[in-house]
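# What the coordinates show
What follows is each chain in one-letter form.
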Amino acid sequence: MSMSENSKYIIECENLVKIYKTKDLEVLALQGLDLTIKKGELMAIIGNIGSGKSMLLNMIGGLDRPSAGRLIVDGKDLFKLNEKQLVEYKRNTVGFVWQNNARNLLPYLTAWQNVQLPMQFDNSPIPYDEDAKLQLSNNKKTRALQLLELVGMSHRKNSKLNQLSGGEQQRVAIALALANNPKILLADEPTGSVDIKTANYILDVFRELNRELGTTIIIVTHDRNLSKKVERVVAIRDGKTSSEFIVKQSYADMLSNVSRLDEIESTQDEFVVLDRAGRIQIPAELLGKLDLRGGNKVKMEFSDGKIIITAPDIDTTAVH
């Protein structure tokens, strides 16, 4: 199925494979990953170190190319873009927020100047977006102030990097990533170096931007706790999409009543992903409850519309 300009999906990954070489061996970072992300979605990708989540983000951002499969972003086949088209794509379609603020900001510029800097390389007018609550200005200084206001940093617009806390720097970095009004904001471990209170505030910033600008936001993290404030969470294990977590109740209702990450309990259902070959990867936490006693075989049966998996000769423990 090819993705059209009018598709509800802004990102479509199909059987995505990434192999990279080190000095001594080849590493299979992604092993046939399948994933679709809707326009305007605020979602998280979680996984342990080495799971392939950051590699996926780099490929969506145009910083790395897949080895095989399909990767369609905003109607563009990233396999087919030449270098000039790829530069244009990175400038206008995606914005990046890194965990390390040294990659995000220039220390000798003020917050206001940092946010204005990417605008100097693109004079394209900001298109009118009927779905966005806030329309960004075509005046570069005004637009930079709008973005600083959205992230709660307009009062520090004339401050330089060494005058800002780590959380404040990260909020300025988010504003900078949105300078040229990208359709997709990619955040790689954006709360990895801040405390829980600051992390909570930064996540609120992402929610506000998603609500006001309609920007598709993808947050990559190893922290499952962080993912409690988004509508959908995709878990990657061993380079493949293994499960998804979807909020049980209304997203709007949930977020309007939550002020702390640790106040949310049991808000998401977990779904194991079935690939095209009919295979699933059972999460380690669930598999551990089966008590397989060192073996690698399980018993499987169909009963009352459910596929039930049990340990051999153990009928009381099941995974649905």
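My aim in this report is to walk through the structure given alongside it, one point at a time. Computed from a prediction, not measured in an experiment: that's the story for all the values here.

What follows covers the packing of aromatic side chains. Summed over the entire model, instances satisfying the criterion amount to one aromatic pair. Pairing Phe96 with Trp98 gives two aromatic rings, centres 4.4 Å apart and planes at 0°, and the pair type is stacked. Trp98 shares its class with Phe96; the two are buried. Sitting above the plane of the Trp112 ring, Lys157 keeps its charged end 4.7 Å from the centroid.

Structurally, Thr215 can be placed in the loop between helix H6 (196-213) and strand E8 (216-221). Classification of Thr215 as buried rests on a relative accessible area of 4%. Those residues within four positions of Thr215 in sequence are excluded, and the remaining contacts are Gly40, Glu41, Leu178, Pro182, Lys183, Ile184, Leu185, Leu209 and Asn210.

Summed over the entire model, instances satisfying the criterion amount to 11 salt bridges. Among the ionic pairs, Glu168 bridges to Arg156, the shortest N-O distance being 3.2 Å. Highlighted residues: Glu168 in helix H5 (residues 166-177) and Arg156 in the loop between helix H4 (140-150) and H5, separated in sequence by 12 residues. Accessibility classification places Glu168 together with Arg156 in one group, the buried group. Through salt bridges with shared partners, one network takes in Glu12, Glu14 and Arg70.

Conventions adopted
Residues numbered from 1 in each chain as written. Predicted model: local features only at pLDDT ≥ 70, side-chain atom pairs only at ≥ 80, totals over all residues. Heavy atoms only, no water. Phe/Tyr/Trp six-rings, centres within 6.5 Å; stacked < 30°, edge-to-face > 60°. Buried < 20%, exposed > 50% of the residue type's maximum accessible area, 1.4 Å probe, protein only. Lys NZ or Arg CZ within 6 Å of the ring centre and 35° of its normal. Helix = DSSP H or I, 4+ residues; strand = E, 2+ residues; numbered from the N terminus. Contact = heavy atoms within 4.5 Å. Salt bridge = Lys/Arg side-chain N within 4 Å of Asp/Glu carboxyl O.

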